[in-house]
Amino acid sequence: TVRSAADTDSLHTTLGVLGGGQLGRMLVHAAQRMGYATVVLDPAPDSPAGQASHNQIVAAYDDQTGWDQLAEACDGLTTEFENVPAAALEYLAARKPVSPPAQAVAKAQDRIEEKRHFTACGVRCAPWLAVQTEADLEAAAALLPGILKTARMGYDGKGQAVCHTADELRQAWSNMGRVACVLEQKLALALECSVIVARGADGHIVNFQPQRNVHHGGILATTYAFEGAVPVALSDALVEATRRIAEGLEYVGVLCVEYFVLQDGSWVVNEMAPRPHNSGHYTIDACEHSQFDLQVRTTMNLPLVQPRHHSPSIMLNLLGDAWYRHGERIIPPWEAIQQLPGVQLHLYGKQDVKPGRKMGHVTLTAATVDELQDKAARVAGLL
Ligand code: ADP
Ligand code: MG
């Protein structure tokens, strides 16, 4: 497709986003700073991105009337929501320039397809088997202990069960409604990392340096993004693998790939997200160009540049739990936190506070890693 968006100036150009969550909100912020108008499609009238966007189309993700309105309203389109029906992206792509491509999103939506893609790119996964039949279930028991994961729709550790015995595995599959799953061997992780790349329609790829992630209960808690957070030799290998994965998909847009590093220093790929990622939120405050800036650039076919990471950084996720102390609702100590220099509070405008729900994040930056660690200890003590 020939893209018209980059040929005109951004004042008369609209970026469209499928999905109205926090990723869409930060994307809309980045687009607006560059002068674009924005339109968001989401079923919730008061969505985090809808609140910040010039326009929101309130429609279900599978509503064709909504797709038509969105295509009509925008010059370039992207998604912030990975479970958007691939059919929606195909439909829209016939009308306006869309990235990422529908086929790449379809692969990322299905753990079986995703792992096959990694293998085809020569990047190793944890030992795994597809579980779609009774016979698969029997065979998969050989990998135990493992984690049974639904092939589709899982996020933040949802749709997963740790299994130690064949009985537990059978029970877990039955609890999941015997839908298509993968069983992955449960590995002893030394660390978890992720790598974010952006690839343009011309095939040019830029990347952020790998960051180290700590999860609690399957949900990202903290991201460490500074030199030394991930060993250098490992970093190079992970960037190389991520570039291969993006190229193999003929990807256009921002792609994040998660990795597991094992106790012996070896590593495997975990999963990919065809969009900006929670582990890249620090790039807003710590890099010359954020992951959202790069997503705007790929969507509107603007040049990609290698972003320089200018400040050591740590990101702390704010889950709904921060609004509770001993079961009582509280207001977190924003004032005390914001008294510290180099601490940026990002709240997503979600009115409904629930434990485990991603409500916002805090990014810390400092001149040195020592200073950063001190600051992190102080903020953690306040939350
Ligand atoms: P989600 O789509 O919910 O992010 P993941 O597959 O990334 O699902 O799993 C969430 C977290 O669970 C991972 O970040 C990791 O901490 C843990 N985990 C997942 N798979 C494994 C595994 N095979 N071995 C050990 N830990 C795992
Ligand atoms: Mg994950």
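Residues numbered from 1 in each chain as written. Chains lettered and ligands numbered in written order. Predicted model: local features only at pLDDT ≥ 70, side-chain atom pairs only at ≥ 80, totals over all residues.

The name given to the protein in an unreviewed UniProt entry is N5-carboxyaminoimidazole ribonucleotide synthase, with the source organism recorded as Brachymonas denitrificans DSM 15123. The record held by UniProt for the protein lists under Subunit (unreviewed entry) the comment "Homodimer." (UniProt positions renumbered as here; feature names shortened; annotations may be inferred.)

1. Side note on the sheet that holds strand β2 (residues 37-42)
Across the sheet, which stays open at both edges, the four strands sit in the order β3-β2-β1-β4 with parallel pairing between neighbours. Both edges of this open sheet fall to β3 (55-58) and β4 (76-79), since each of them pairs with a single strand only. Along the sheet, successive strands turn relative to each other by an average axial angle of 20 degrees, direction set aside. Note: strand β1 (residues 14-18) against β2, five bridges, orientation parallel. Across the sheet, the residue bridging to Leu-15 is Thr-38, located in β2. Strands β1 and β4 of the sheet are contacted by helix α11 (residues 291-299), whose axis makes an angle of about 135 degrees with β4. (Pairing = 2+ DSSP bridges. Helix = DSSP H or I, 4+ residues; strand = E, 2+ residues; numbered from the N terminus. Axes fitted to C-alpha atoms, helices over the stretch in contact; angles between N-to-C directions. Contact = placed C-beta atoms within 7 Å.)

2. So, the site of ligand 1
The environment of ligand 1 is made up of 18 residues, and the closest members are Ala-126, Glu-184, Leu-187, His-215 and Gly-218. Broken down by secondary-structure element, the contributors of at least two residues to the shell around ligand 1 are β6 (146-150), β8 (181-185), β9 (189-199) and β14 (267-273). Among the residues forming the shell around ligand 1, the class breakdown is five nonpolar, six polar and seven charged. Built from parts of two domains, the shell around ligand 1 gets at least three residues from each of domain 2 (127-185) and domain 3 (189-382). (Near = placed C-beta within 6 Å. Nonpolar A, V, L, I, M, F, W, Y, C, P; charged D, E, K, R; others polar. Domains from an automatic or database assignment.)

3. Quick look at the nonpolar core
In terms of nonpolar packing, the biggest core is built from 95 residues, with Leu-27, Val-131, Leu-148 and Leu-183 touching the most fellow members. Contact partners of Leu-183, with chain neighbours within four places excluded, come to Trp-128, Leu-129, Val-131, Ala-140, Leu-143, Gly-146, Leu-148 and Leu-169. (Core = buried A, V, L, I, M, F, W, Y, C linked by C-beta atoms within 7 Å. Buried ≥ 20, exposed ≤ 12 C-beta atoms within 10 Å, placed from the backbone.)

4. Some details on the packing of helix α1 (residues 22-33) against α11
What describes two packed helices is the angle between their axes and the distance between those same axes. It is the contact of α1 with α11, at a shortest axis distance of 8 Å, that shows an interaxial angle of 70 degrees. As far as their axial angle goes, α11 and α1 are roughly perpendicular. α11 is crossed by α1, and the crossing has right-handed handedness. When α1 is examined against α11, the residues Met-26, Leu-27, Ala-30 and Ala-31 are found in contact with a partner set consisting of Phe-292, Asp-293, Gln-295 and Val-296. Its residues assigned to classes, the contact of α1 with α11 shows six nonpolar, one polar and one charged. (Parallel < 35°, antiparallel > 145°, perpendicular 65-115°, else oblique. Left-handed = near helix turned anticlockwise from the far one by under 90°.)

5. Comments concerning the packing of helix α3 (residues 64-73) against helix α4 (residues 86-93)
Contact geometry of α3 with α4 gives a least axis separation of 10 Å together with a crossing angle of 40 degrees. One finds that α3 runs oblique with respect to α4. Here α3 and α4 pass one another in a crossing that is right-handed. Of the residues in α4, those in contact with Trp-67, Leu-70 and Ala-71 of α3 are Ala-88, Tyr-91 and Leu-92. For the contact of α3 with α4, the per-class residue count stands at six nonpolar, no polar and no charged.

6. Points about the sheet that holds strand β7 (residues 160-163)
The strands making up a sheet associate through backbone hydrogen bonding, with each pair oriented either parallel or antiparallel. With antiparallel pairing, the four strands of this open sheet are ordered in space as β5-β8-β6-β7. Two strands close off the open sheet at either side, each with one partner strand: β5 (128-131) and β7. For this sheet the average axis-to-axis angle between neighbouring strands, irrespective of direction, equals 20 degrees. In terms of strand pairing, β6 meets β7 through four bridges, oriented antiparallel. The residue of β7 that forms the bridge with Leu-148 is Ala-161. Helix-sheet contacts for helix α6 (residues 111-120) involve β5, β6 and β8, and the interaxial angle to β8 is about 50 degrees. Sheet strands touched by helix α8 (residues 166-175): β5, β6, β7 and β8. Its angle to β7, the strand with the most contacts, is close to 165 degrees.

7. Details of the UniProt feature "domain: ATP-grasp" (unreviewed entry) in the protein
This chain's UniProt record puts "domain: ATP-grasp" (unreviewed entry) on residues 115-300. Across residues 115-300, helical content stands at 28% and strand content at 33%; the span's end C-alpha atoms are separated by 30 Å.

8. Points about α8
Turning to α8, its buried residues are Leu-169, Ala-172 and Trp-173. End-on, the buried residues of α8 take up no more than an arc of 95 degrees, which puts them together on one face. For α8, the exposed residues lying more than 90 degrees away from the buried face are Asp-167, Ser-174 and Asn-175. The elements touched by buried residues of α8 are β5, α7 (134-140), β6, β7 and β8. Two residues or fewer past α8, Gly-177 is found with a positive phi of approximately 75 degrees. (Arc of directions from axis to C-beta.)

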